[in-house]
Structures are given as structure tokens and as C-alpha cells.
Amino acid sequence: TTVDLTGNQLTKIRHMFCSKLRTLILDNNLIDDCDIRQHDGLYHISAVKNKLKDLKGFENLKSLWKLNLAENQIASLKGIKNCPKLECLILEKN
């Protein structure tokens, strides 16, 4: 299942749960707080052009393969851990 929330002026993502969620697209929002660690079935997350400053809330995503966080304000990789399948991490223009 894919959820695309592009361009909705969202500022926070918290306590969202969908057990069949595999792809989450959060591009072009105002998100500065994203806690999706309960979604261990997620395979791909894209949160391009937001206001994220760190990777808190992205831990323990055991199925995550691709994480695209380009064009945010990320200064540290602190917070991302226990993502054993992560192969593609995109952080350009941070």
C-alpha cells in the first residue's frame, strides 16, 4: 500500500498506523517532526522538501530499503538506527 501526502502543508507526522503501508510519500510539506518508527513494514519513505533537522523517529524500520530526505535541514544522522535493509539514503541539499 502506498500513501502519498505530497503538498498538504503538514507539519508533523505522529501516531499514524497502517499495517500494510509499504511506501510513504511526504514530499513538499512543512514537516519538522516525523515519528514513524511503528511502521516496521515500510520499504520506501520520501520526505523531500520539508523542514526535518535530524533523523529521530526513523529508527527500527526493519524493512526500510530507501529513504529520501533531500532538501531538508538535516545536520546529523543521529537517530537513525536498526534499519538493517537500508541501502539507499538520499540527503542531497541539506
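One structure accompanies this document, and this report is about it. (Residues numbered from 1 in each chain as written. Predicted model: local features only at pLDDT ≥ 70, side-chain atom pairs only at ≥ 80, totals over all residues. Heavy atoms only, no water.)

## Side note on the overall build of the chain
The line we're drawing: Only DSSP runs of H or I with at least four residues qualify as helices, and only runs of E with at least two residues qualify as strands; both kinds are numbered from the N terminus onward. When we talk radius of gyration, it's over C-alpha atoms, and the globule rule is simply 2.2 Å times the number of residues to the 0.38. Burial here depends on accessible area, computed with a 1.4 Å probe over protein chains only, as a share of the maximum for the residue type. Under 20% is buried, over 50% is exposed, and the range in between is partly exposed. Contacts are assigned to residue pairs that have any heavy atoms within 4.5 Å of one another. Method for areas: the Shrake-Rupley scheme with a 1.4 Å probe, in which residue coverage is limited to the protein chains shown. Counted as positive: Lys and Arg. Counted as negative: Asp and Glu. His and the chain ends are not counted at all. The atoms used to mark charge sites are NZ of Lys, CZ of Arg, CG of Asp and CD of Glu.
What the chain contains, in helices and strands, is zero helices and seven strands. If you list the helices and strands of the chain from N to C, you get β-β-β-β-β-β-β. In terms of overall dimensions, the chain is globule-like: its C-alpha atoms have a radius of gyration of 12 Å, near the 12 Å expected for 94 residues. Along the three orthogonal principal directions, the C-alpha set of the chain runs to about 25 × 25 × 20 Å. Counting across all 94 residues of the chain, residues that qualify as buried make up 38%. Once local pairs closer than 6 in sequence are excluded, the contacts in the chain between residues at least 24 apart make up 7%. A total accessible area of about 5400 Å² is found for the chain, and carbon and sulfur atoms account for 48% of it. Averaging the positions of the 15 positive and the 11 negative side-chain charges in the chain gives two centres separated by 3 Å.

## What about the side chain of Asn29?
This is how it is decided: As used in this structure description, the phrase polar contact means that two N or O atoms lie within 3.5 Å; if the pair is within protein, one of them must be able to donate a hydrogen and the other to accept it, and residues adjacent in sequence are counted only when both atoms belong to side chains.
Secondary-structure assignment places Asn29 in the loop between strand S3 (23–25) and strand S4 (33–34). Looking at Asn29, the relative accessible area reads 4%, which means it is buried. Of note is the side chain of Asn29, whose polar atom sits 2.9 Å from the backbone oxygen of Leu26. Setting aside residues up to four positions removed in sequence, Asn29 forms contacts with Leu5, Thr6, Gly7, Asn8, Gln9, Leu10, Lys49 and Asn50.

## Quick notes on the sheet that holds strand S6 (residues 66–68)
This is how the line gets drawn: Two strands are counted as paired when DSSP detects at least two bridges linking them. Angles shown run from 0 to 180 degrees and are taken between the N-to-C directions of axes, each axis being a line fitted to C-alpha atoms and, for helices, limited to the stretch in contact.
The strand order S1-S3-S5-S6-S7 describes an open sheet built from five strands, whose pairing is parallel. The outermost strands of the open sheet, each flanked by one partner alone, are strand S1 (2–4) and strand S7 (88–90). Neighbour-to-neighbour, the strand axes of the sheet open up by a mean angle of 0°, direction not taken into account. Looking at chain direction, S1 and S3 are connected through three bridges and run parallel. Residue pairing for S3: Thr2 is matched across the bridge by Thr23.

Function cannot be inferred from these measures alone, as they are strictly geometric.
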